[in-house]
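Descriptive analysis of the structure
Chain residues, written in single-letter form:
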Amino acid sequence: MLTKFETKSNRVKGLSFHTKRPWILASLHSGVIQLWDYRMGTLIDRFDEHDGPVRGVHFHMSQPLFVSGGDDYKIKVWNHKLHRCLFTLLGHLDYIRTVQFHHEHPWIVSASDDQTIRIWNWQSRTCISVLTGHNHYVMCAAFHPKEDLVVSASLDQTVRVWDIGSLKKKTASPADDILRLSQMNTDLFGGVDAVVKYVLEGHDRGVNWAAFHPTLPLIVSGADDRQVKLWRMNDTKAWEVDTLRGHMNNVSCVMFHAKQDIIVSNSEDKSIRVWDATKRTGLQTFRREQDRFWILAAHPEMNLLAAGHDSGMIVFKLERERPAFAVSGDSLFYTKDRFLKYYDFSTQRETQVMPIRRPGSTSLNQSPRTLSYSPTENAVLICSDVDGGSYELYVIPKDSIGRGDSLQDAKRGPGSSAIFVARNRFAVLDKGNNQVLIKNLKNEVVKKSGLPVPTDAIFYAGTGSLLCRSEDRVVIFDLQQRLVLGDLQTPFVKYVVWSNDMESVALLSKHSIVIANKKLVHQCTLHETIRVKSGAWDDNGVFIYATLNHIKYCLPNGDSGIIRTLEVPIYITKVSGNAIFCLDRDGKNKTIVVDATEYIFKLSLLRKRYDQVMNMIRNSQLCGEAMIAYLQQKGFPEVALHFVKDEKTRFNLALESGNIQIAVASAKEIDDKDHWYRLGVEALRQGNAGIVEYAYQRTKNFERLSFLYLINGNLEKLSKMLKIAEVKNDVMGQFHNALYLGDIQERVKILENAGHLPLAYVTASIHGLQDVAERLAAELGGDVPHLPEGKEPSLLMPPAPVMCGGDWPLLRVMKGIFEGGLDGIGRGAVDDEEEGVEGDWGEDLDMVDVDGLQNGDVTTILEDGEVAEENEEEGGWDLDDLELPPEVETPRVSVNARSFVFVAPTPGMPVSQIWIQRSSLAADHAAAGNFDTAMRLLSRQLGIRNFTPLKSMFLDLHAGSHSYLHAFSSVPVMSLAIERGWSESASPNVRGPPALVFNFSQLDEKLKAGYKATTAGKFTEALRLFLSILHTIPLIVVESRREVDEVKELIIIAKEYVLGLQMELERREMRDNPVRQQELAAYFTHCNLQLPHLRLALLNAMTVCYKARNLATAANFARRLIETNPTNESHSRTARQVLQAAERNMADASQLNYDFRNPFVTCGATYVPIYRGQKDISCPYCTARFVPNQEGQLCAVCDLAVVGADASGLLCSASQIR
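Since the structure is predicted, the reported quantities are computational estimates derived from the model, not experimental observations. (Residues numbered from 1 in each chain as written. Predicted model: local features only at pLDDT ≥ 70, side-chain atom pairs only at ≥ 80, totals over all residues. Heavy atoms only, no water.)

1. So, empty space enclosed by the protein
Tallying each qualifying case throughout the model produces two cavities of 30 Å³ or more. Reported here for the second largest cavity is a volume of approximately 30 Å³. Lining the second largest cavity are His257, Ala258, Lys259, Ala298, His299, Met302, Asn303, Leu304 and Leu305. When the residues that make up the lining of the second largest cavity are grouped by side-chain class, the tally is five nonpolar, three polar and one charged. (1 Å grid on protein atoms, 1.4 Å probe; cavity = no way out; pocket = protein on both sides within 12 Å on 5 of 7 lines; lining within 4 Å. Points joined across faces, edges and corners; volume = space filled by probe spheres on them. Nonpolar A, V, L, I, M, F, W, Y, C, P; charged D, E, K, R; others polar.)

2. Re the UniProt feature "repeat: WD" (unreviewed entry) in the protein
Feature annotation in UniProt places "repeat: WD" (unreviewed entry) on residues 47-79, 89-130, 131-172, 200-241 and 244-285, given in this structure's numbering. For residues 47-79, helix accounts for 0% and strand for 55%, while the C-alpha atoms at its two ends are 11 Å apart. (UniProt positions renumbered as here; feature names shortened; annotations may be inferred. Helix = DSSP H or I, 4+ residues; strand = E, 2+ residues; numbered from the N terminus.)

3. Concerning the packing of helix H29 (residues 1091-1107) against helix H30 (residues 1111-1123)
Look at H29 against H30: their axes get within 8 Å of each other, and the N-to-C directions meet at 160 degrees. Between H29 and H30, the angle falls in the class roughly antiparallel. Helix-helix and strand crossings are classified by hand; for H29 and H30 the assignment is left-handed. In this structure, H29 contributes Leu1094, Arg1095, Leu1098, Leu1099, Ala1101, Met1102, Cys1105 and Tyr1106 to the contact, and H30 contributes Leu1111, Thr1113, Ala1114, Phe1117, Ala1118, Arg1120 and Leu1121. Residues that form the contact of H29 with H30 fall into these classes: 12 nonpolar, one polar and two charged. (Axes fitted to C-alpha atoms, helices over the stretch in contact; angles between N-to-C directions. Parallel < 35°, antiparallel > 145°, perpendicular 65-115°, else oblique. Left-handed = near helix turned anticlockwise from the far one by under 90°. Contact = heavy atoms within 4.5 Å.)

4. Looking at a nonpolar patch on the surface
Side chains of Leu965, Met974 and Leu976 sit close together on the surface and give an oily, nonpolar patch of about 250 Å² of accessible area. Along the chain, the position of leucine 965 falls in strand S56 (residues 962-965). Judged by its relative accessible area of 40%, leucine 965 is partly exposed. (Patch = residues over 30% accessible without salt bridge, like charges linked within 9 Å, V, L, I, M, F, W, Y side chains within 5 Å. Areas by Shrake-Rupley, 256 points an atom, 1.4 Å probe, with all protein chains shown as cover. Salt bridge = Lys/Arg side-chain N within 4 Å of Asp/Glu carboxyl O. Buried < 20%, exposed > 50% of the residue type's maximum accessible area, 1.4 Å probe, protein only.)

5. Focus on helix H3 (residues 597-606)
Where H3 is concerned, the buried positions are Tyr599, Phe601, Lys602, Leu603, Ser604 and Leu605. Looking one or two residues past H3, lysine 608 carries a phi angle of roughly 60 degrees, positive in sign.

6. Considerations on the packing of aromatic side chains
Summed over all chains, the structure comprises 29 aromatic pairs. Ring centres of tyrosine 343 and phenylalanine 345 lie 5.6 Å apart, and the angle between their planes is 85 degrees; on these two criteria the pair is classed as edge-to-face. For the pair phenylalanine 420 and phenylalanine 426, a centre-to-centre distance of 6.1 Å together with 70 degrees between the ring planes defines the contact as edge-to-face. Across the ring face of tryptophan 239, the terminal group of lysine 237 is positioned such that the distance to the ring centre comes to 5.1 Å. The cationic tip of arginine 1109 hangs over the ring face of tyrosine 1106; the distance from NZ or CZ to the ring centre is 5.5 Å. (Phe/Tyr/Trp six-rings, centres within 6.5 Å; stacked < 30°, edge-to-face > 60°. Lys NZ or Arg CZ within 6 Å of the ring centre and 35° of its normal.)

7. Regarding the pairing of strand S27 (residues 305-309)
Taking burial as the measure, the five residues of S27 include five buried ones, the bulk of the element. With burial as the criterion, each face of S27 is covered, one bearing Leu305, Ala307 and His309 and the other bearing Ala306 and Gly308. Here strand S26 (residues 293-298) pairs with S27 via five bridges, running antiparallel. Bridge pairing in S27 links alanine 297 to alanine 306. Hairpin connection between S26 and S27: a loop of six residues separates the two successive antiparallel strands. In this sheet, strand S28 (residues 312-317) lies alongside S27 in antiparallel orientation, the contact comprising five bridges. When the sheet's bridge partners are listed, leucine 305 is paired in S28 with phenylalanine 316. Where S27 folds back onto S28 in an antiparallel hairpin, the turn is made up of two residues. (Pairing = 2+ DSSP bridges.)

8. Observations regarding the packing of H30 against helix H31 (residues 1129-1144)
The contact between H30 and H31 brings their axes to 9 Å, and the two run at 145 degrees. Note on packing geometry: the crossing formed by H30 with H31 is left-handed. Residue-level contacts link Leu1111, Ala1114, Ala1115, Ala1118, Arg1119, Leu1121 and Ile1122 of H30 to His1131, Ala1135, Arg1136, Val1138, Leu1139, Ala1141 and Ala1142 of H31. When grouped by side-chain class, the residues that make up the contact of H30 with H31 number 11 nonpolar, one polar and two charged.

9. A closer look at the nonpolar core
Note on soluble globular proteins: their nonpolar side chains tend to be buried together. Counting 93 residues, the largest nonpolar core has Leu938, Phe1026, Ile1033, Tyr1181, Cys1182, Phe1186 and Cys1198 as the members making the most contacts within it. Here the element with the most residues in this core is helix H27 (residues 1041-1069); it accounts for 11 residues. For leucine 938, the contacting residues outside a window of four places in its chain are Ala922, Gly943, Ile944, Phe947, Leu950, Phe954, Pro1034 and Leu1035. In terms of nonpolar packing, the next biggest core, distinct from the first, is built from 60 residues, Trp209, Phe256, Phe286 and Ala307 among them. (Core = buried A, V, L, I, M, F, W, Y, C linked by side-chain atoms within 4.5 Å.)

10. Examining the sheet that holds strand S34 (residues 379-384)
Read across the sheet, four strands follow the order S33-S34-S35-S36 without closing on themselves; strand pairing throughout is antiparallel. A single partner strand is all that each edge strand has here, and the edge strands are strand S33 (368-374) and strand S36 (411-414). For this sheet, the mean angle separating the axes of adjacent strands, direction not counted, is 20 degrees. In the sheet, S33 pairs with S34 via six bridges, with the strands oriented antiparallel. When the bridges of S34 are listed, proline 368 appears paired with serine 384.

Pasting the structure below:
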């Protein structure tokens, strides 16, 4: 049993499915009738006018009506659209057990405990017939679905079949008077409208239910004798065919299944039983723990059943209806009615391939669940629930497709889940041992592999991989390497759909869809209230899926929407263009053509394919509140503007996209104070003083106007504002304007006129207007105010405007793609589709000055004063500088640009940020001042952990890549970025990388100085120079690959010298250990030095060893020295003398840790030889070698990196990244 919906309520006594909508009525013992949507799982309505239990309820076939009958002896007819009872039919004298509408006539049949059955006309609202004959409660009565018969069951142990043919004739209008006369007679003398055709006796107890077969002359009945009986009838008689025994208590309801050859019954023994109607054997039993069953209902058109019990009801299916299918390229293999079928998407033809075995067992739900296909071997794997889960392997003969008759014996085996994992290998899940068995096409186990998680199903995940499902997660498992490639927590996954390129996967659960990539990295999750049934990927990477009643789409960013509604559920097999191929529940192939415009439009916006967006806006009927809201939400208000006619919406969108011109036009149309105010605020933000002024004037906002004129320095208009305030008799406004103007006499006059003589006197006397002050003092007499002693008055005057101006200076910008492109609509606009559009506009550009415009436009900034020439032929975009796709013509910029400026550019991205975004070179990050990321990069690339030696260089780089200008005393210092490789021909909009203070040629100089110091024996100075080279190289940037190789070579040179010089300096400090002195001198000769320096090192070692009487070792150095052909004759002579002395006594006075015959490198920390074949580790930056116990220590040679750290390698040129 597949439960689709369940309710918890009072005892359910009556049920009825709606024919078209996913609704079910449940009448309860409490007197309430509930109307449920079983697909959504929601209660739509409740009706509670009955007094006492409602035992019968039934939907009308076509009208928005239902009828109910209850223990209050009333039959009520309801209109569910109007949510009310239309009328009540009275006549029964006891409880009403069942009610039912006739499928054609306006009749209702009702059965009652008053031992009668009544037939009512619900249009005339009268009882047209009373069927008497039963001598106990009538438990049910029902019309035959096609013929003029009624069946009834009663506790008098009989089932009766009534003929109501004459009733049908009676309701038809009489043809002539004779008929009308006979009808009058029958009305007067109680004619016979319905006669008992058969009385079926055979039950030993009261019969609770009887029902007709939908097509055959059969009746089934259930009774308190715990038996279900099957009866057959013909024109003259009816007889018992068989008895189905098995229920343990009263059988409360029984019926034939509409689609299958089965009988379903339920009982007070808390079980539902399914019987085979032809073999008359039990197929399946479903039990509940606590609840007795009372009623069954079958959907008139779908494969759904419902059962009511003591604490609610369930809606369920007996079998899955989803056909098993597999898609491979243009082919679809699927199962239907014991056959494997093949469908070709290109030709849209279906053919029968071969029969597959019929399940031998007697239980339901044995149809194939999954199907897996191997195209190279032409083999099919079919899994079903037979024998607790098993698979069958069929190899399809090449000539078999189209014939469909060759029955072959399949190779079988146990396993609930089996899929192909390679051309001729398939995996079978062994749940018990949590492992998969890999088998070949002969059904032989080739390999066994344990699974990383407890798995209850496996799905395909590419060749050699499995997607394993456990309760709350899925993992991708590589069978070859036995590795988990991906792991994701999900709701219980039912189906897995891979995209054609195997890059994305959709995991379908009952109520959600999880989209992930091939490594199971989560991308988005969608939740649905209605069950998700199937899905497929289209060619654009959009996932198209079906719920029970919709086809929907899901974009890569998680946005979803409805494509169309569905009448019946479908199973999507493939999406190609705007055609959706699917299978229905009957296994028929269908093609649904849909309008993909909406999701393609959203996808183009998402992928920044603005050329396609333009085409779609021009050519399609995209509109509606939802689309406008979507564009607004995604930050494209200027696109939404072109869809909108409503002025208020236009105004809001124009403000959001900064389009002042459209906002002004809309504000004029609306002419509302609030809109003018908002326009003023936006215009002020853009510095468009003319429009701010206009908006304030429209709303008569004089205070704001005065303040605007003050900050603009417009003294002439301020004087006018003063006059306006005077005319309006607004004293405060007058005073403010006089204050803004700095007009002292006017202020004194205003104060005097307002009667504030002391204030007028103080103002006049402070500002030196002595004659006015004397006149006011005379008027005040003795009340002249005293000015405070010893205080210096300060002048309260507005500053003189430096620049009286209107609008702020604006950068002239090109119209964005949307404004420019859309203005041409309807004026012979160029159709972009002709030019092969490929450009991804917003991706490649980093325009500094206008980055961050709200509409994300590609805009070109013209230099001040430069005007685009209006030639006949426009030059298009400047491709050399911007590398733009050539498809959109440049909108012309008129000479009078100020009035047509569209969008004031918002602040661009700081140069330092552009440098960081574009570069993975540590030097560029340090120059941008972003030391944090520079250190992270060096750590990752070279394993550097000690940044102390680099601190001063970081600071130098940052300071050196910026210059600072001091413009006015009142403005802060401006920093200017200095770029490397800048030239006058460079485009002003494309930023180059930062100028760096360190370069490779400087290192060359240092190297020469280092060599010179070494030759001169200034070892400390030489060591400082070589270390400085090692410390500078991480922050060097070069252009070519050849230079990169030179830099790497320089690291090795500097490392060898640093190591050698460190050993030599240590040797010189060592006085009391002659053996160690000799060793260090010997190791120095094995550093990779320039020839002059090698000769000096050999001479040095030879001298040290000779003095210590280690003649054999000294002779070795002498020999090596002579081999270098020394230029200094005295060196050669000394060497030859040492050789002669050694030949007389070839022995060493002391044993050294030095074997010149065995090649070695010297440890950079302990200065001991590491001979060939011994383990060592190295510094990831300078490559110095160390003994293993130095791992994790700071490198003693470069003093920067950690020995043995993981690092990706030196990155010092953009050419390495390309």
